[in-house]
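Structural features, examined
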Amino acid sequence: MQRLITKQDLVNKLTELLKDFEVVGPKELSNKGIFYQVIEDAKELYLGQDFAIEPIKKFFLEPSSWILRHAKDDVSLESFPQSDKKRIVIGARPCEAKGLALLDKLFDSEYKDDFYINNRKRTIVVGLACAKPDMSCFCTSMQGSPAETSGMDALIFESGDGFIIELVTDKAKHILGSIGEDIKEDQKLNKDKMKALVKKVIKTPESLDKVFESDYWDEVSRPCISCGVCTFLCPTCHCFDLVDEEKKRMRCYDGCSFPDFTLEASGVNPRPTKKERYRQRVFHKFDYFKKNFGENLCVGCGRCIRHCPVKIDIADIVDKAPI
Amino acid sequence: MKNIYLPHIAEIVDVKQETSDIKTFTLRFKDKAVGKAFTYKPGQFVEFSIFGEGESPFCISNSPTRDSIECSVKKMGKVTQVLHEMDIGDEVGIRGPYGNGFPLDELKGKNLLFVAGGIGLAPLRSLINYCFDNRKDYKTITIVNGARTSKDLVYKDEYKTWEKAKDAHLHLTVDCQEDNWTCMVGVVPKILEEIKPTCKDSIAIVCGPPIMIKFTLPVLMRLGFCPESILTTLEMKMKCGLGKCGRCNIGNLYICKDGPVFSYAQLNGMNYDH
Amino acid sequence: MIDQIKTKAKELLKTKKVDIVIGYKKASDRIGAIPAFIDKEGDIDKLIWDGYCVYNLSNYLKDFPGKKIGIVTKGCDAKSMTVLLQENQLKREDIFIIGIECSGIVDEKRKGGDIAYDERCKGCKPATPPIYDVLIKEEEKKQAPRLEQDPYESVRKLETKSIEEKFKFWQDEFSRCIRCYACRQICPLCYCPRCVAEQTQPAWFSKAVSVEGNFSWNVNRAMHLAGRCIDCGECERACPAGIPLRDINKKIEKDVKELFSYEAGVDTEQKPLFSSFDKNDPEDFIK
């Protein structure tokens, strides 16, 4: 279901929703870039085409969050209370929303992680289609597109002075179905055409098994400085640590690029050098996750390429892997 | 909301010093209902919480056929150091059990060869006692247990029972000859070559330090064991125990969730870092 | 200029004077640069030199223990090597410094794609490395006119703020810190085998992405570089959150200069600030 809405329609609707919902969207901070933040006034929203530095993931799997504490009796332990406030995320990109769909596969299966699930359940995700993918974007190689709706409840497209909104889920139809006007057939967007906007195209092998032992990983990981930029800014990287601080237990981001990630108390580290660590990142994304869940754990958002302090390009590395 | 990371409180009801740096803790859940609902298989593990310090995974070292829950802990890092200072009456957090455990059905009707080194006996002890408690389900039970010195041997009290059991053989060994030592001398793989246990209708279950496993596997192969009939239980740094936190994988499998028990055949077909 | 770099690199590898040459090559985007590690003569043609060669390559010296290394070195990068030498982290005979008389690097974060000299280059006075084994100069006078600018302009501006204003300013800036430790990892002088941030017995500060945790981390990082930081500006460039880390570093640099007349990275014979003392120190802790 697609509808035509004006910018004012959107601002008015969000202003109305602000009464009952927490609204999260992109804000432009001068000289710093775009950041997803809680919005207090619909006018603060940035709905331009520049990408946020961090993905929307941080509102579902927080960089750090308390999960346990001592109960009042000081003996038993209890969960940290979680917010059940309804929330609307606006302006997340199709790649980031697809990242959520991939995280769902992990956190909403087998041992279900209710912290993540609660954040998903209380949130409506309204995406913004990409009109200007940049040279790091490669979503179409990851079964995505600038107008993909996976992981979303609704998607808006820039169209002239206003937007076209596509309502995907009933949740979105219920809350946003009343704004704007019906769209005429000839105004409907050709979503397939948008795929051509993405210029970076790579091939991903079905399995990387054969190149595990290759010196290639040594070579491509050499520039890596073992920081956490790629993992923390990745919409799908989900590795975490559990840390106790002052009678509380916290879950916080961790990543395979850090030597400490797998360093055992005995001093043994099964991934002692950048080679093993970088290979783990590539294999987790383009081999292991695919074996376990049928898809690459990558959405082609390009963040790890765009923000890598030394310009390591994972897409190029996978594309050129000596299979 | 169900919190999969929430431990239950358990009380330490007994502490036994096994070696200079290994203690066995016996635990009882504070909440009786939790204790009743807690069932496990040999080879499974639990996450121990020392609240304020953190969590560490330990295998349950006694058999589910016995009453209590026991875990043997080697003093290593932050959590284990604090744990070693704890005593009867102190409380810890426990969540689990996690992992696949040993494939009990596959072991039925077989000769079992247990090969352990140092604290590697802990997960095997759970299975060994399970087998003795269900004696009719298994054929000959052979246990090869080694340690650097006799002081490093764990569960010494139980050796007599194992030795005396029908159709059971216990081979104890230390790396170098010591005064008053009457059992075997030499590293575990060497002892295996000496005693030549039968591979016919047999399954070998191996656990110990990586170096022991490395040299034991080829010996077992030479003795005629096929990779499918060699089981081992692996260890790696773990945090969540649930296959979510992402650190304990070998290939696409997580030791915490898909292991810790793997067959040598399984490991052979996988790419792993160490 | 690039030809001179290649010729030297070739000679070094051919004569086995070095095992590896660290330089720059084109990144996958065909615009930027990525660190290059050349150990075969055949790969020498990959080397490039242009304004996109932003990285301080001395950060990679620790990755090749026991090897002889040839390294393409800008003025600021050479200063960090000077500190590494002072602190006995390097043996001078293990490195061959291909010094570059740098004319400034590109500010890649600036929007619009115009090539502007990076903010950090503006206060850089000697573009010539303080130490080198061979110096390669810009052929043409491409050198950007260096403005006689106060290197502490931005620090002075912050200094005029009240304590509350300063706190608010840094709280806002640090609130975006995601604790990715890119600032530490990119820094050639952050070489502690086990960083204070990773220590758990005891844990010195919170791992939580919070005011307290983020303040502790960022201030600790800067303090550990007091009298050592040579202002290559890599931490600020690497920071994905756009935190003005150079302002903290520069403030400490300024204090060190004013209090001890000490400048880091200019002289290998100079004793590191924190391992030297002066009998005439006005404080009495020394006596």
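Residues numbered from 1 in each chain as written. Chains lettered and ligands numbered in written order. Predicted model: local features only at pLDDT ≥ 70, side-chain atom pairs only at ≥ 80, totals over all residues. Heavy atoms only, no water.

All names here are of chain B. Each assigned domain of chain B is listed here: domain 1 (8-98) and domain 2 (104-233). Between domain 1 and domain 2, the C-alpha centre-to-centre distance is 24 Å. Listed by partner, the interface residues are 21 residues for domain 1 and 18 residues for domain 2. Contact between domain 1 and domain 2 buries roughly 1500 Å² in total, counting both sides, with carbon and sulfur atoms accounting for 55%. It is Glu18, Pro42 and Arg66 in domain 1 that bury the most area against domain 2; as a group they hold 29% of the surface buried on that side. Counting across the domain 1 and domain 2 interface gives 10 residue pairs in polar contact (both at pLDDT 80 or more). Considering each element in turn, the side of domain 1 that touches domain 2 owes the most residues, four residues, to strand S5 (residues 69-74). Of the residues assigned to the side of domain 1 that touches domain 2, the class counts are seven nonpolar, eight polar and six charged. (Domains from an automatic or database assignment. Contact = heavy atoms within 4.5 Å. Buried area = accessible area lost by both parts, 1.4 Å probe. Polar contact = N/O pair within 3.5 Å; in protein donor to acceptor, adjacent residues only side chain to side chain. Helix = DSSP H or I, 4+ residues; strand = E, 2+ residues; numbered from the N terminus. Nonpolar A, V, L, I, M, F, W, Y, C, P; charged D, E, K, R; others polar.)

Glancing now at the interface of chain A and chain C. Counting residues at the interface gives 36 residues for chain A and 40 residues for chain C. Buried area between chain A and chain C, summed over both chains or domains, comes out near 2800 Å², and the portion from carbon and sulfur atoms is 59%. It is A:Lys32, A:Arg222 and A:Lys311 that lose the most area in chain A upon contact with chain C, and together they represent 23% of the buried surface on that side. Inspection of the chain A/chain C interface yields three salt bridges. For C:Glu173, the salt bridge goes to A:Lys32, with nearest N and O atoms at 3.4 Å. Counting residues per element, the ones that place at least two in the side of chain A that touches chain C are strand S2 (22-29), helix H7 (229-232), strand S11 (240-245) and strand S12 (248-253) of chain A. Counted by class, the side of chain A that touches chain C contains 20 nonpolar, three polar and 13 charged residues. (Salt bridge = Lys/Arg side-chain N within 4 Å of Asp/Glu carboxyl O.)

The subject of this paragraph is unusual backbone geometry. All names here are of chain B. Note that the residue after glycine 96, namely proline 97, is joined by a cis bond; omega there is -5 degrees. Looking at the element boundaries, proline 97 is found in strand S6 (residues 91-98). Looking along the chain, the bond that leaves glycine 259 and enters proline 260 is cis, with omega of 5 degrees. Following the sequence through the fold, proline 260 ends up in the loop between strand S14 (253-254) and strand S15 (261-263). Non-glycine residue lysine 196 carries a positive phi angle of around 45 degrees. Within the element layout of this structure, lysine 196 appears in the loop between helix H6 (188-195) and strand S11 (202-207).

The next point concerns the pattern of salt bridges. Counting across every chain of the model gives 64 salt bridges over all chains. Between A:Asp287 and A:Lys291 there is a salt bridge, and its shortest N-O distance comes to 2.7 Å. Of this pair, A:Asp287 and A:Lys291 both sit in helix H8 (residues 274-293), four residues apart, roughly one helical turn. A relative accessible area of 1% places A:Asp287 in the buried class. Overall, A:Lys291 belongs to the partly exposed group, its relative accessible area being 39%. Among the ionic pairs, C:Asp150 bridges to C:Arg156, the shortest N-O distance being 2.7 Å. (Buried < 20%, exposed > 50% of the residue type's maximum accessible area, 1.4 Å probe, protein only.)

Another point: helix H5 (residues 163-174) of chain C. All names here are of chain C. Its 12 residues place the ends of H5 16 Å apart at the C-alpha level, agreeing with the 16 Å of an ideal helix rising 1.5 Å per residue. For H5, the set of buried residues is Trp170, Glu173 and Phe174. Take H5 and look down its axis: the buried residues cluster within an arc of 90 degrees, on one side only. Buried residues along H5 sit in contact with helix H4 (153-159), helix H7 (211-223) and helix H9 (245-260). (Expected span 1.5 Å × (residues − 1). Arc of directions from axis to C-beta.)

Now for the sheet that holds strand S2 (residues 22-29) of chain B. Adjacent strands of a sheet pair through backbone hydrogen bonds, lying either parallel or antiparallel. All names here are of chain B. In spatial order, the strands read S4-S3-S6-S1-S2-S5; together these six strands make up an open sheet with antiparallel pairing. Of all the strands in the sheet, the pair left with one neighbour each is strand S4 (54-59) and S5. The average undirected angle you get between the axes of adjacent strands in this sheet is 40 degrees. Direction of pairing for strand S1 (residues 8-19) relative to S6: antiparallel, over a ladder of four bridges. Bridged to glutamate 11 within S6 is glutamate 91. (Pairing = 2+ DSSP bridges. Axes fitted to C-alpha atoms, helices over the stretch in contact; angles between N-to-C directions.)

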